[in-house]
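# Close look at the chain arrangement
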Amino acid sequence: MIITTAMGRVVEVNDDYTVAQPWASYTALEHARWDRLVRRQSKLLKNRVCPEYLEGLDTLRLSRGGIPNFERLSERLDKCTGWTIAPVPDLVPEEVFFAHLARRSFPTACFIRDEAHLDYIEEPDVFHDVFGHVPLLAQPVFADFMQMLGQAGVDARNEGRLEQQARLYWFSVEFGLIKTADGMLIYGSGIVSSKGESVFSLDNPSPNRLGFDISRVMRTEYRIDDFQETYFVIQSYDELFEALIGDLSALYGKAAAAGNLSAAEVVSGERIYHRGTGDYAREKKKIVD
């Protein structure tokens, strides 16, 4: 079928929004850009990212050789946890995205960012999707959590609760931190694939760093155009998995009834690892105003 994607591209896709990866169309410059991004980000992530991510990066052989061939990557990933890569043109509708996750299929953009957007690109490209997301999908507990999250997303759409579900995805899969014996580390793919946020999220005094609580997360607004004002910190991946066990419908309803919390808000009684100064967001607001 012919569709207009979320990013305005008119393309022909399969019923599940997948396409064939245009492997032969990647240029030498695009493969070289992938390698540059991987080298730069790998250097930045040293002592900042969770060890499970690094294990997945090594197991799946993602740190060299240009843009990965999705068929070969799927074969390696499938042997680890039963997940596969689903090539898509760019962003897909949320209901399609979560349906893929529920089938242990990760929707992955085929295009790579251009030189003008090397440091930041709002829409997910192949570097964000593969380098950012895929390594943790080689870890069994996180892989199972992602499948459960996908099914929860399907259910949330049927109940009209995708807003709450999207926040859970955002603050865990995309921008999550984990507290370990070696200190606070990154596991969220949005941070992993970002030059600036991989430093900001751990080192800058501006954002809040709060203990993960699923009900609290579902109420929290987030930024799609800049660094986050709040990060949520888990103790283990089991904590994420266990958060999805139970009556999510009731949690959606309670979160909606309790009302939204701003991106920077801190409420009484929650676990605070670091109370942010908010300086970064205030300075950015001054510039805009």
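Before going into details, it helps to say that this report is about the structure given with it. (Residues numbered from 1 in each chain as written. Predicted model: local features only at pLDDT ≥ 70, side-chain atom pairs only at ≥ 80, totals over all residues. Heavy atoms only, no water.)

### Section: the environment of glutamate 163
Within the secondary structure layout, glutamate 163 lies in helix α7 (residues 162-174). Among the residues examined, glutamate 163 registers a relative accessible area of 47% and is labelled partly exposed. Here the alpha-carbon distance between glutamate 163 and phenylalanine 111, two residues 52 residues apart in the chain, equals 27 Å. Of note is the side chain of glutamate 163, whose polar atom sits 3.1 Å from the side chain of arginine 167. (Helix = DSSP H or I, 4+ residues; strand = E, 2+ residues; numbered from the N terminus. Buried < 20%, exposed > 50% of the residue type's maximum accessible area, 1.4 Å probe, protein only. Polar contact = N/O pair within 3.5 Å; in protein donor to acceptor, adjacent residues only side chain to side chain.)

### Notes on the environment of lysine 285
Considering the arrangement of structural elements, one finds lysine 285 in helix α13 (residues 279-288). A relative accessible area of 52% means that lysine 285 is categorised as exposed. Expressed as a C-alpha distance, the spacing of lysine 285 and alanine 166, which sit 119 residues apart in the sequence, is 25 Å.

### Notes on the environment of proline 107
Its place among the elements puts proline 107 in strand β4 (residues 105-109). For proline 107, a relative accessible area of 4% translates into the label buried. Along the backbone, proline 107 and aspartate 129 are 22 residues apart, and their C-alpha atoms lie at a distance of 8.1 Å. Aside from chain neighbours lying at most four places away, what touches proline 107 is Ala86, Val88, Phe97, His100, Leu101 and Asp129. (Contact = heavy atoms within 4.5 Å.)

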